[in-house]
Amino acid sequence: MEQLALFFALLFLTVLGFILGKGRAVALSGHSDQPLHSRLPYYGLYTALWCGLPSLIIMAGWMIFEPQIAEMLVASQLRDSNASITPDQLSLYINDVVNLASGGILSREPDAALLSAADNYSLFRQISYFAMAVVAIAFSLLALFTSLKKINPALRARNQVEKVVSIIMMISSLIAILTTVGIVFSLIFETLRFFDKVPFFDFLFGTHWSPQTALRSDQVGGSGSFGAIPLFAGTMLITFICMVVAIPVGLLSAIYMSEYAGKKFRAFAKPVLEVLAGIPTVVYGFFAALTVAPFFRESGTLLGLSVSSESALAAGMVMGIMIIPFISSLSDDVMNSVPQSLRDASYAMGATKSETITKVIIPAALPGIVGAVLLAMSRAIGETMIVVMAAGLAANLTANPLEAVTTVTVQIVTLLVGDQEFDSAKTLAAFALGLLLFVVTLVMNVVALRVVRKYREKYD
Amino acid sequence: MTDNTPHLKVNPALLKRRNAAEKRFRFYGLAAVMTAVLVLCLLLTSIISKGYTAFQQTYILVDIRLDAETIDPKGTKRVEDLAAASYRGLLRSALREQFPGVEGRKAKRALYGIVASGAEFDVRDAVLNNPKLVGTTATIAVKSSDDVDSFYKGYIPRDVPESNRKVKDRELVWLDTLSADDRIVKQFNVDFFTHGDSREPEEAGILGAVIGSLYTLAITLALCFPIGVLTAIYLEEFAPTNKWTDLIEVNINNLAAVPSIVFGLLGLAIFLNFMGLPRSAPIVGGMVLALMTLPTIIIASRAALKAVPPSIREAALGIGASRMQTVFHHVLPLAMPGILTGTILGMAQALGETAPLLMIGMVAFIADIPGSMSDAATVLPVQIYLWADSPERGFVEKTSAAIMILLAFLVVMNAIAVILRKRFERRW
C-alpha cells in the first residue's frame, strides 16, 4: 500500500512535469524569435519522461532487491549469535522473522531473540522504504528542474522522446523472449536438481510411479519412485481417445462447412463451434466428471463391463469435444486456401463433389491438415483441467480405456498443489515433468508451424 | 468425315453408386457438425439443469420469542448490543417449542440440524432490521441446512431406504409438519452473490471469487495491453527484418501454443520462489496470466495493424510526419478496434484459465473477500474447481451456478468484442 502511494506521487510528478514542460514551451514560443524545433506537447513529454521513468526504475529495482537484502541482514545477525545453525533452520528462522513482522503465521512460539530480530527487520524495512521514497522523489524533482532548464527552441524534444519510446518498444518485444528464457531456465534448473536425487534413466524409463516420499527419515514405506512411463502411457491413451473423437468430427465439419454448407447454415454453425472453443476447460472438466463419467459407468454396468468412475474414456472424449473446433477451424482455413483451379479441374473431369474433396482437395491440403492435427495434439497433451477433474490419480500402466489412468499434467498439479517443502524430490519431479511437457509440445508446435507455413507458401 | 470426339459412356449403375457415395459423404459432414451442436446443447442443458436451483434457497419460517432479557438485558436498543447478542439459544428453543415431543440429545441435535449452521445470523439480521421486534414473538425465515435444501429441490428422493438417505425419517416427519403449516418457503438466494466461500454449501457465495477475478484481470490487462500493443507496433512498423526479429516472431508463435500449466510453473519458480512475491495473490496471478495472454494480444494487434492500408502511412509521411507520429497519430487509432477486439478475447481466455493459477497457490480456501491485489484470493474458475471437488451434495448446484456466472461474463465479453468488430471494423 505504501508503495502504491509512492507510485501515485511519482505519477503526479510526471503529470506535473508534462504540464510545466508544455507551459514552458508555450511561454518560449510567445517571445522568442527562433521557432521551436518540435510541436508543443513533445516538450511536455520530454519533461514528463525525465520526471517519471528514472525514478520508477529506481523504485522497481529497490523493491526487487530490498527484501533479499533485509533477509541477508537477518541471516548475518543470526549467524553471528549462533554459528552452528544449519541452512534449513536458518531459512525457517528467517521465514518466522518475516512472518512475525508482517503478521503471518509462525512455526514456533516467538521468543525474545525472534521478537528483536523481527523488530530489527521491520525497522530496516521502514527505513529502507523512506530512503526509497526520498531518493525517488528527489531524483524526480531534480530531473524536473534540469529538464525544464534545458527546454529552449533548439532542443530536439521530439527526437529525444521518440528515441525513448522506441527503446521502450524494443524492451517490450524482448519480454516475449524473456518469458521463453524464464520458462526454459526455471524448468531446467529445477530439473537438474531433481536428477541429482533421482537418476535420469530411472525417471525416463521406470515403470513405477509413486511420488510419496517419506516426511521423516524414520518413516516406513513411501520411499518414492519416479518412473514416468505410466504417466506417458496414460497421457498417450487419453490423447489417442481425444484424437479419435476430434479428428473425424473436426475434419468432417470443416469439410461440410467449407464445401457444402450454405451461407445461412454457416452463420449458425460457425458461432456454435466458436462457443465450443471458448468454454473454459474447467467447465469441460466438470461436465466430464459429473455427467459423462457417470453415464459411461452406468452404461458399462448395464453391458456388464466394469468402467472406472475416472475412466480414460470419459476424460478423453470430453477433451476431444474441446479440440473439435480447433481442428475444424484450422483445417477449414487450410482447405479454403486450396486454389479454386484445382476444384474446377476436378469438376471438369466429371468428378462429384465428394470425389473432388477426397481425391483432390484433401491430398492437396494434407500437409496443412497434418499441421493442424499436430497443433491440436500438442494442445491435448498439455491440457490440464479436464484430466485433473475427470482422470485418475493412480498411475496404472494399462491400455484399457475403461480404467483410470493418470497423465503428466495431473501429476504436475497434484505434486505442486498444497504446501510442501520446495526442494523435496516430489516437488522437483513436477518441474522435470513440466520440462518434458514443454519440450514435447514445443517440438510438435515447431514442426506443425513449419509444415503449415511451407504448405501456405506452395499455394500463395 | 470421321467423328473423333470420344463418347462419354455413362454406366448407370456406377453413376448411381457414385451419387449415393456423394450423398453419404455429405451426410457424414452434416452429422459431424450436428454432433458438435448437440454436444454444446447437452453441455449447456446439463449445467443449467443442475445449477438453476442454486439461485433459490429454502427457508424455514420459525416463530421465535425474541426475549428482551436475552437479547438486550440493559434495554439500550443500541445496534452494537443487538448485534452482539446470542441468537442461537433463542432459535433452538423456538425449534423445541415447535416440536415439543423431541427428547434426548441426539434427537435435539438432529432437530437443530434442519436449519443452517449460520441460521442464527438470519435471526440477528431480522432483529437489526427491525429493533422493535425485541420483546415480541416474530415469525422469521431462517435458512435451512443444505440437506433440507437439497431435499426440497428434489435431489434427495423420499423413496430411498433410510440408511442411504441424508434426510432421515425422523427429519422427514418434522419437515412434513412444517410443510403442512406452510412454513417452508423458497426465496431468491441473495447470499450466493454477496458471500465469500464457505465450507457450508448454504453459506457459500461467489463474491470473493468474482472480486478476485476482477483484481487478477485488472493486473493482466494493465500489463499485457501496453506491452502487447507496443511489441506489435515495433514488430509490424519499425523492426528491421533480420534474424533477431525472426527469432522474436517464432518465439511469440511458440509461446502461444505452450501449455498453460507451464506458465504456472514459471510463475511458481520465478515470481514466488525467486522474487518472493506473496502466494495466492491476484498480483502474481495477473502477472502469470499476462505472460500467457501476451502472444494472443500481440498476434491480434499485428493483424489489426497489418490491415491498415499503406496509403495512410504514405499520406502521413508525405506531409512531413515522422515515422513515430505516423504510427501513433494515424495508424494506431485506425487499428484500435481490431486491437481492442483481440484484447477482449485474450482477457476472456484469461478469465477462464485455471491450471496456471493452481500452481501459484490460488487454490487455497479463502472465506474472506479480498480487499487488495496482494491479499490471498481465488478466482471464478478455480472456485468452480474447488467446489466441484467438494463432496457435499449442495456444492454440485453451486458449482453449476458458478459456471453459469462465469459463462455469463464470457458471453458479455465476447458480445462486446463482436459489437466492437461490427461497428468499427473498416473495410479498405
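### Notes on the overall build of chain A
Moving on, step 1. Looking only at helices and strands, one finds 15 helices and 2 strands in chain A.
Moving on, step 2. Taking 2.2 N^0.38 as the reference for a compact globule, 460 residues should give roughly 23 Å; the C-alpha atoms of chain A span a radius of gyration of 31 Å, well beyond that estimate.
Moving on, step 3. With the C-alpha coordinates aligned to their principal axes, the bounding extent of chain A is approximately 85 × 80 × 35 Å.
Moving on, step 4. In chain A, which comprises 460 residues, the share counted as buried stands at 41%.
Moving on, step 5. Here the analysis covers contacts within chain A between residues at least 6 apart in sequence; of these, 73% occur between residues at least 24 apart.

### Overview of the overall build of chain B
Moving on, step 1. Scanning chain B from N- to C-terminus turns up 18 helices and 3 strands.
Moving on, step 2. The C-alpha atoms of chain B give 31 Å as radius of gyration, which overshoots the globular expectation for 428 residues (22 Å, by more than 25%).
Moving on, step 3. Each of the three principal axes of chain B carries a C-alpha extent, and together these read 110 × 70 × 40 Å.
Moving on, step 4. The buried share of chain B, reckoned over its 428 residues, is 43%.
Moving on, step 5. Once local pairs closer than 6 in sequence are excluded, the contacts in chain B between residues at least 24 apart make up 77%.

### Some words on the domain arrangement of chain B
Residue and element names in this part refer to chain B.
Moving on, step 1. We note that the domain assignment places domain 1 (52-189) and domain 2 (207-424) within chain B.
Moving on, step 2. Relative to domain 2, the C-alpha centre of domain 1 lies at a distance of 46 Å.
Moving on, step 3. With 7 residues of domain 1 in contact, the opposing surface of domain 2 contributes 7 residues.

### Description of the sheet that holds strand S1 (residues 56-65) of chain B
All names here are of chain B.
Moving on, step 1. One open sheet accounts for 3 strands, arranged S2-S1-S3; its pairing is antiparallel. Where the open sheet ends on each side, the last strands, each with one partner, are strand S2 (137-143) and strand S3 (184-188). The average undirected angle you get between the axes of adjacent strands in this sheet is 40°.
Moving on, step 2. As paired strands, S1 and S2 are joined by 7 bridges and run antiparallel to one another. The partner of Val62 across the bridge, within S2, is Ile140.
Moving on, step 3. Along the sheet face, helix H6 (residues 119-129) touches S1 and S2 and points at about 135° away from the line of S2.

### Quick notes on the domain arrangement of chain A
Moving on, step 1. Each domain of chain A was delimited in the assignment, giving domain 1 (2-155) and domain 2 (225-459).
Moving on, step 2. Summarising the inter-unit geometry, the C-alpha centres of domain 1 of chain A and domain 2 of chain A are found 48 Å apart.

### Observations regarding the packing of helix H5 (residues 157-197) of chain A against helix H11 (residues 243-255) of chain B
Moving on, step 1. Look at H5 of chain A against H11 of chain B: their axes get within 9 Å of each other, and the N-to-C directions meet at 60°. Between H5 of chain A and H11 of chain B, the angle is such that the two are oblique. Seen along the crossing, H5 of chain A lies across H11 of chain B with a hand that is left-handed. Along its contact with H5 of chain A, which presents Ser173, Ala176, Ile177, Thr179 and Thr180 of chain A, the element H11 of chain B presents Ile248, Asn251, Ile252 and Leu255 of chain B.
Moving on, step 2. Per-class residue counts for the contact of H5 of chain A with H11 of chain B are 5 nonpolar, 4 polar and no charged.

### As for the confidence of the model for chain B
All names here are of chain B.
Moving on, step 1. Averaged over chain B, the pLDDT score is 87; the fraction of residues at 70 or greater is 98%.
Moving on, step 2. Looking at the elements of chain B, mean pLDDT is at its lowest for helix H3 (residues 79-84), recorded as 76, and at its highest for helix H14 (residues 310-318), recorded as 94.
Moving on, step 3. Predicted complex, confidence summary: ipTM 0.89, pTM 0.87.

### Section: the interface of chain B and chain A
Moving on, step 1. Facing the 65 residues of chain B at the interface are 70 residues of chain A.
Moving on, step 2. In terms of residue count, the dominant contributor to the side of chain B that touches chain A is helix H1 (residues 12-51) of chain B (17 residues).
Moving on, step 3. Residues that form the side of chain B that touches chain A fall into these classes: 47 nonpolar, 15 polar and 3 charged.

### Structural notes on the nonpolar core
Moving on, step 1. Ala288, Ala315, Val318, Ile327, Ile386 and Ala390 of chain A are the most contacted members of the largest nonpolar core, which totals 191 residues.
Moving on, step 2. Residues within four places of Ala390 of chain A in sequence aside, it is in contact with Gly285, Ala288, Ala289, Ala293, Glu310, Ala314, Ala315 and Val318 of chain A.
Moving on, step 3. Core analysis: the second largest hydrophobic core is formed by 26 residues, Ile64, Ile71, Ile114 and Val127 of chain B among them.

### A few points about the pairing of S1 of chain B
Moving on, step 1. By the bridge criterion, 5 bridges tie S1 of chain B to S3 of chain B in an arrangement that is antiparallel. Counterpart to Thr58 of chain B in the pairing with S3 of chain B is Lys186 of chain B.

### Here's the deal with unusual backbone geometry
Residues and elements named next belong to chain B.
Moving on, step 1. The backbone of Asp182 sits at a positive phi, close to 60°, despite the residue not being glycine.
Moving on, step 2. With a phi close to 60°, Ser280 is a non-glycine residue in the positive phi region.
Moving on, step 3. By secondary structure assignment, the location of Ser280 is in the loop between helix H12 (260-274) and helix H13 (282-307).

### Concerning H12 of chain B
Residues and elements named next belong to chain B.
Moving on, step 1. In this model, H12 (15 residues) spans 20 Å end to end at C-alpha, consistent with the 21 Å of a helix rising 1.5 Å per residue.
Moving on, step 2. Along its length, H12 shows its largest kink, about 30°, at Gly267.
Moving on, step 3. For H12, a buried count of 13 out of 15 residues is recorded, marking the element as mostly surrounded by other parts of the structure.
Moving on, step 4. Where H12 terminates, the next one or two residues include Gly276, which has phi positive at roughly 70°.

### A word on the packing of H13 of chain B against helix H15 (residues 323-352) of chain B
Each pair of packed helices can be summarised by the angle the axes make with each other and by the distance between the axes.
Residue and element names in this part refer to chain B.
Moving on, step 1. Interaxial distance between H13 and H15 falls to 8 Å at its minimum, and their mutual angle equals 150°. Between H13 and H15, the crossing angle belongs to the class labelled roughly antiparallel. In the packing of H13 onto H15, the handedness of the crossing is right-handed. Contact residues: Leu289, Met292, Thr293, Thr296, Ile297, Ala300, Ser301, Ala303, Ala304, Leu305 and Ala307 in H13; Val331, Ala335, Gly338, Ile339, Gly342, Thr343, Gly346, Gln349 and Ala350 in H15.

### Quick word on the environment of Asp181 of chain B
Moving on, step 1. Position of Asp181 of chain B relative to the elements: it lies in the loop between helix H8 (169-180) and S3.
Moving on, step 2. Take Asp181 of chain B: there are 10 C-beta atoms within 10 Å of it, and that puts it in the exposed class.

### Examining the environment of Asn336 of chain A
Moving on, step 1. Its place among the elements puts Asn336 of chain A in helix H10 (residues 312-336).
Moving on, step 2. Among the residues examined, Asn336 of chain A registers 14 C-beta atoms within 10 Å and is labelled partly exposed.

### Digging into the environment of Arg379 of chain A
All names here are of chain A.
Moving on, step 1. Summarising the element assignment, Arg379 is placed in helix H12 (residues 353-382).
Moving on, step 2. Residues Arg379 and Met319 lie 60 residues apart in sequence; the distance between their C-alpha atoms is 9.8 Å.
Moving on, step 3. Ignoring sequence-local partners within four residues, the contact set of Arg379 consists of Ile323 and Phe326.

Analysis parameters
Residues numbered from 1 in each chain as written. Chains lettered and ligands numbered in written order. Predicted model: local features only at pLDDT ≥ 70, side-chain atom pairs only at ≥ 80, totals over all residues. Helix = DSSP H or I, 4+ residues; strand = E, 2+ residues; numbered from the N terminus. Rg over C-alpha atoms; globule rule 2.2 N^0.38 Å. Buried ≥ 20, exposed ≤ 12 C-beta atoms within 10 Å, placed from the backbone. Contact = placed C-beta atoms within 7 Å. Domains from an automatic or database assignment. Pairing = 2+ DSSP bridges. Axes fitted to C-alpha atoms, helices over the stretch in contact; angles between N-to-C directions. Parallel < 35°, antiparallel > 145°, perpendicular 65-115°, else oblique. Left-handed = near helix turned anticlockwise from the far one by under 90°. Nonpolar A, V, L, I, M, F, W, Y, C, P; charged D, E, K, R; others polar. pLDDT = per-residue confidence, 0-100. Core = buried A, V, L, I, M, F, W, Y, C linked by C-beta atoms within 7 Å. Expected span 1.5 Å × (residues − 1). Bend = angle between axes of the 7 residues up to and from the residue.

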